[in-house]
Amino acid sequence: MDKPTRLYVYITLMIALLFQLFPWTGQGIILRPDFMLVVLLYWLLRAPYLCNIATAWVVGLLMDLSTGSLLGQHALAFTLTAFIALSFQKRLVLFSAMQIVSYVFALLVFTRFTLLILKLFAGHEAPSWHYFWPAVTSIILWQFLRLVLGSIARPKAGKAD
Amino acid sequence: MLKGVHQKLEPQQTPAFFVRGASPFSRMVFFCALSIILMAVDSQVNYLSKFRQAFIGGLHPLERIANTPSELIRDARKYFSTHNQLVQENYLLKQKAFEDQVKLQRLKALTAENEHLRSLLGGNVPIHPRAILGDISHTGRDPFRNVVIVNRGSRHNINAGQAVVDSNGVIGQVTRVYPFSSEVTLITDKNLSIPIQVERNQLRAIAFGQSGNTLDIPYLPTNVDIKIGDKLVTSGIDGIYPAGLAVATVTKIEQDPASPFAKIISTPTGEVSHHLQLLILELPDQIEADLHPKDQEGADSKETKSNKAERNG
């Protein structure tokens with residue numbers, strides 16, 4: 001995919017929502033990657049002119065509605081993550097593939113952490129450490145997504161048109 | 001025109017305003033404020049429940065698509081279950097039905113007798129709530145809450161607040177109703193409490209959900225008459241859960257000398273993870289719910305009066 005379009009972004013986000021709605025049970029619900037967040041971060045870092053903080057907020061709101069949590073929790077966490085992701089987005093071309101992966105991993109952990117604080121404020125109990133497992137599975141999903149949709153690392157000199 | 005990643009490689013002299021619109025920072029501040037307002041409104045006022053219902057109703061087709069793979073696997077498993085298994089299961093079920101029928105005969109006689117005695121005393125006859133059978137479509141997607149989603153919604157006359165039971169005991173309560181599904185909060189959820197009674201000595205208390213799939217009965221003195229293995233049943237004084245349904249069994253009693261209260265931990269008898277069907281009990285009518293406690297009080301006072309009279313006489 002050379003030039004992603006807006007429609008393409010929305011279709012991939014819808015597919016991510018479908019995976020999010022999949023009836024996860026048992027171990028699956030502990031390990032379930034944050035599909036919507038990973039796809040959102042991918043487009044934020046690759047095509048910020050198609051997908052920006054407003055998109056992140058809407059995606060967060062969709063997450064709130066589909067999980068049945070307090071409206072605005074995921075929206076706030078995703079907005080903050082999107083802001084941090086975009087503030088270093090211009091520097092991303094200088095990063096190596098490994099650095100990009102660790103950057104995304106840090107963003108995923110940050111989202112989980114923000115969400116945890118918001119949930120604790122809303123009066124939920126503190127979960128155990130396996131709450132952060134989805135960040136690991138999400139980064140695996142990120143690698144998979146990179147293969148399917150294309151790398152966001154600096155294009156090779158010969159490839160640039 | 002170069003776009004996307006390639007555009008970033010070029011040195012950009014002009015301000016990026018016309019490329020990206022408002023600055024990311026101002027966008028971030030705006031949407032954070034919007035999220036915080038939403039959170040405040042959603043947690044304090046009930047305005048957004050209609051919006052949520054409409055959205056989940058619209059999401060229903062997508063949810064059905066997401067559910068198809070697991071349903072297909074389930075159906076395939078059902079199809080390939082062996083003849084031997086079915087025969088065995090059939091035999092066991094027949095045996096169970098026979099045993100239950102014998103018990104049911106006695107129950108009918110007892111119920112009739114009980115109703116007769118109650119009518120003699122002037123008390124009112126307990127209501128037997130009607131129930132709707134529902135299937136668990138999936139567990140909640142929010143790991144912070146103990147909920148299951150049932151495939152019966154407002155289209156099937158489900159209302160928020162209805163009690164949900166399975167064959168072993170109370171499961172929880174309907175908390176949110178969507179057009180085609182509803183959300184059942186389990187009794188082990190921190191936000192749910194249930195009025196209970198110890199079966200052995202009729203002691204009344206309130207059980208609260210606790211983490212780790214257990215219930216906690218707080219604020220009871222250390223010398224309270226509760227033992228490990230005691231069965232807890234619903235007391236029925238809230239007008240939502242009918243009286244006498246099994247709730248939990250006491251599994252652990254901790255006595256901390258520094259605390260004036262005993263720490264009583266019990267495990268629910270109803271098992272959500274073991275089967276897919278559950279019963280949603282109908283709420284008693286509003287009038288009945290209003291009148292019931294008064295009548296009960298009247299009956300109680302009458303009873304005590306007659307007891308006193310007996311004692312005096």
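Definitions and limits used
- In this convention, every chain numbers its residues from 1, walking through the sequence in written order.
- Chains carry letters from A onward and ligands carry numbers from 1 onward, assigned in written order.
- The predicted nature of this model means local features are confined to residues of pLDDT at least 70 and side-chain atom pairs, given and counted, to a pLDDT of 80 or more, with totals for whole chains, interfaces and linings taken over all residues.
- To obtain the side-chain values, all non-hydrogen atoms of the structure were included, while hydrogens and water were left out.
- Comment: elements are numbered from the N terminus, with helices defined as DSSP H or I runs of at least four residues and strands as E runs of at least two.
- To estimate how far a helix should extend, the number of its residues minus one is multiplied by 1.5 Å.
- In this entry, domain limits derive from an automatic or database-based domain assignment.
- Note on definitions: buried area is the accessible-area loss of two parts on being combined, 1.4 Å probe, summed for both.
- A carboxyl oxygen of Asp or Glu within 4 Å of a side-chain nitrogen of Lys or Arg is what we treat as a salt bridge.
- Between any two strands, at least two bridges found by DSSP are needed for them to pair.
- A fitted line through C-alpha atoms serves as each axis, taken over the contacting stretch for helices, and the angle formed by two N-to-C directions is quoted from 0 to 180°.
- Confidence scores per residue from the predictor, reported as pLDDT, run from 0 to 100.
- Residues are treated as being in contact if the distance between any of their heavy atoms lies within 4.5 Å.
- What we call the bend at a residue is the angle made by axes fitted to the seven residues finishing there and the seven residues starting there.
- Buried residues are those whose accessible area, probed at 1.4 Å on protein chains only, stays under 20% of the maximum for their type, while exposed residues exceed 50% and partly exposed ones sit between those limits.
- Side-chain rings of Phe, Tyr and Trp, where Trp is taken by its six-membered ring, are said to pair if the distance between their centres is within 6.5 Å; with planes under 30 degrees apart they count as stacked, over 60 as edge-to-face, and otherwise as tilted.
- Lysine NZ or arginine CZ positioned within 6 Å of the ring centre and within 35 degrees of the ring normal marks a charge as sitting over the ring.
- Residues are grouped as follows: Ala, Val, Leu, Ile, Met, Phe, Trp, Tyr, Cys and Pro are nonpolar; Asp, Glu, Lys and Arg are charged; every other residue, Gly included, is polar.

### Some points on helix 6 (residues 97–121) of chain A
Turning to step 1, where the next piece is worked out: With 25 residues, helix 6 of chain A extends 36 Å from end C-alpha to end C-alpha; this agrees with the ideal 36 Å at 1.5 Å per step.
Turning to step 2, where the next piece is worked out: Positive phi appears at Gly 123 of chain A, one or two residues downstream of helix 6 of chain A, with a value of about 95°.

### A short note on the domain arrangement of chain B
Residue and element names in this part refer to chain B.
Turning to step 1, where the next piece is worked out: Domain assignment breaks chain B into domain 1 (25–126) and domain 2 (131–291).
Turning to step 2, where the next piece is worked out: Here domain 1 meets domain 2 over a buried area of about 770 Å², counting both sides, of which 58% is carbon and sulfur.
Turning to step 3, where the next piece is worked out: Summed over the shared surface of domain 1 and domain 2, the number is one salt bridge.
Turning to step 4, where the next piece is worked out: A salt bridge links Glu 63 to Arg 141; the shortest N-O distance between them is 3.3 Å.

### What about the sheet that holds strand 3 (residues 163–165) of chain B?
Turning to step 1, where the next piece is worked out: With respect to topology, six strands assemble into a closed barrel ordered 1-2-5-4-3-12 (chain B), the strand pairing being antiparallel. The sheet shows a mean angle of 45° between the axes of neighbouring strands, taken without regard to direction.

### Focus: the confidence of the model for chain B
All names here are of chain B.
Turning to step 1, where the next piece is worked out: Of all residues in chain B, 81% have pLDDT values of 70 or greater, and the mean over the chain is 79.
Turning to step 2, where the next piece is worked out: Within chain B, no element has a lower average pLDDT than helix 6 (residues 286–312), which sits at 42, and none a higher one than strand 6 (residues 193–198), at 91.
Turning to step 3, where the next piece is worked out: Here residues 286–313 scores under 50 on pLDDT; set against residues more than four positions off or in separate chains, the count is seven contacts.
Turning to step 4, where the next piece is worked out: Two numbers describe this predicted complex: its pTM, 0.75, and its ipTM, 0.85.

### Here we look at helix 4 (residues 49–79) of chain B
Turning to step 1, where the next piece is worked out: Along helix 4 of chain B, the helix axis deviates most sharply at His 60 of chain B, where the bend reaches about 45°; the proline Pro 61 of chain B sits within four residues downstream.
Turning to step 2, where the next piece is worked out: When helix 4 of chain B is considered as a whole, its buried residues turn out to be Arg 52, Phe 55, Ile 56, Gly 57, Leu 59, Leu 62, Glu 63, Ala 66 and Asn 67 of chain B.
Turning to step 3, where the next piece is worked out: In this structure, the buried residues of helix 4 of chain B make contact with helix 1 (6–21) and helix 4 (53–67) of chain A together with helix 3 (24–44), strand 1 (131–139) and strand 4 (170–177) of chain B.

### So, the sheet that holds strand 8 (residues 214–221) of chain B
Residues and elements named next belong to chain B.
Turning to step 1, where the next piece is worked out: Ordered by their spatial adjacency, six strands build a closed barrel running 6-7-8-11-10-9, and the pairing between neighbours is antiparallel. Strand-to-strand twist in this sheet, taken as the mean axis angle between neighbours without regard to direction, amounts to 45°.
Turning to step 2, where the next piece is worked out: Strand direction decides the pairing type here: strand 10 (residues 246–254) and strand 11 (residues 261–268), joined by six bridges, are antiparallel. Opposite Lys 252, over in strand 11, you have Ile 265 as the bridge partner.

### Things to note about the packing of aromatic side chains
Residue and element names in this part refer to chain A.
Turning to step 1, where the next piece is worked out: For the coordinates displayed, the defined rule picks out 13 aromatic pairs over all chains.
Turning to step 2, where the next piece is worked out: Relative to Tyr 103, the ring of Phe 88 lies with its centre 6.1 Å away and its plane at 75°, an arrangement referred to as edge-to-face. Here the residue Phe 88 occupies a position in the loop between helix 5 (73–87) and helix 6, and Tyr 103 occupies one in helix 6, the gap between them amounting to 15 residues.
Turning to step 3, where the next piece is worked out: Owing to a relative accessible area of 34%, Phe 88 belongs among the partly exposed residues under this scheme.
Turning to step 4, where the next piece is worked out: Their ring planes at 90° and their centres at 6.2 Å tell us that Phe 95 and Tyr 103 sit as a pair that is edge-to-face.
Turning to step 5, where the next piece is worked out: For Tyr 103, a relative accessible area of 12% puts it in the buried group.
Turning to step 6, where the next piece is worked out: Site record: aromatic cluster; members linked through ring pairs are Tyr 8, Tyr 42, Trp 43 and Trp 142.
Turning to step 7, where the next piece is worked out: Seen from the ring of Tyr 131, Arg 112 lies directly overhead, with NZ or CZ sitting 4.8 Å from the centre.

### Quick notes on the interface of chain A and chain B
A common way to express how large an interface is: the accessible area buried when the components associate.
Turning to step 1, where the next piece is worked out: Each partner contributes residues to the interface: chain A has 48 residues there, and chain B has 49 residues.
Turning to step 2, where the next piece is worked out: For the pair chain A and chain B, the summed buried surface comes to about 4600 Å²; carbon and sulfur atoms form 71% of the total.
Turning to step 3, where the next piece is worked out: Across the pair Asp 142 of chain B and Lys 119 of chain A runs a salt bridge, and its minimum N-O distance is 2.7 Å.
Turning to step 4, where the next piece is worked out: Secondary structure elements with two or more residues in the side of chain A that touches chain B: helix 1, helix 4, helix 5 and helix 6 of chain A.
Turning to step 5, where the next piece is worked out: Element by element, the count of residues in the side of chain A that touches chain B is highest for helix 4 of chain A, at nine residues.
Turning to step 6, where the next piece is worked out: Of the residues assigned to the side of chain A that touches chain B, the class counts are 28 nonpolar, 13 polar and seven charged.

### What about the pattern of salt bridges?
Two side chains that carry opposite charge are able to pair once their charged atoms sit near each other.
Residue and element names in this part refer to chain B.
Turning to step 1, where the next piece is worked out: Evaluated as defined, the whole model comprises eleven salt bridges over all chains.
Turning to step 2, where the next piece is worked out: A salt bridge links Glu 183 to Arg 176; the nearest nitrogen and oxygen atoms lie 3.5 Å apart.
Turning to step 3, where the next piece is worked out: A residue is classified by how much of its surface remains accessible, and Glu 183, at 2% relative accessible area, is buried.
Turning to step 4, where the next piece is worked out: When its relative accessible area of 22% is taken as the criterion, Arg 176 is described as partly exposed.

### Some points on unusual backbone geometry
Residues and elements named next belong to chain B.
Turning to step 1, where the next piece is worked out: You will see that Gln 202, though not glycine, has its phi angle at about 60°, which is positive.
Turning to step 2, where the next piece is worked out: A residue is classified by how much of its surface remains accessible, and Gln 202, at 48% relative accessible area, is partly exposed.
Turning to step 3, where the next piece is worked out: Phi at Tyr 219 is positive, roughly 60°, even though this residue is not glycine.
Turning to step 4, where the next piece is worked out: Tracing the backbone shows Tyr 219 in strand 8.
Turning to step 5, where the next piece is worked out: Owing to a relative accessible area of 61%, Tyr 219 belongs among the exposed residues under this scheme.

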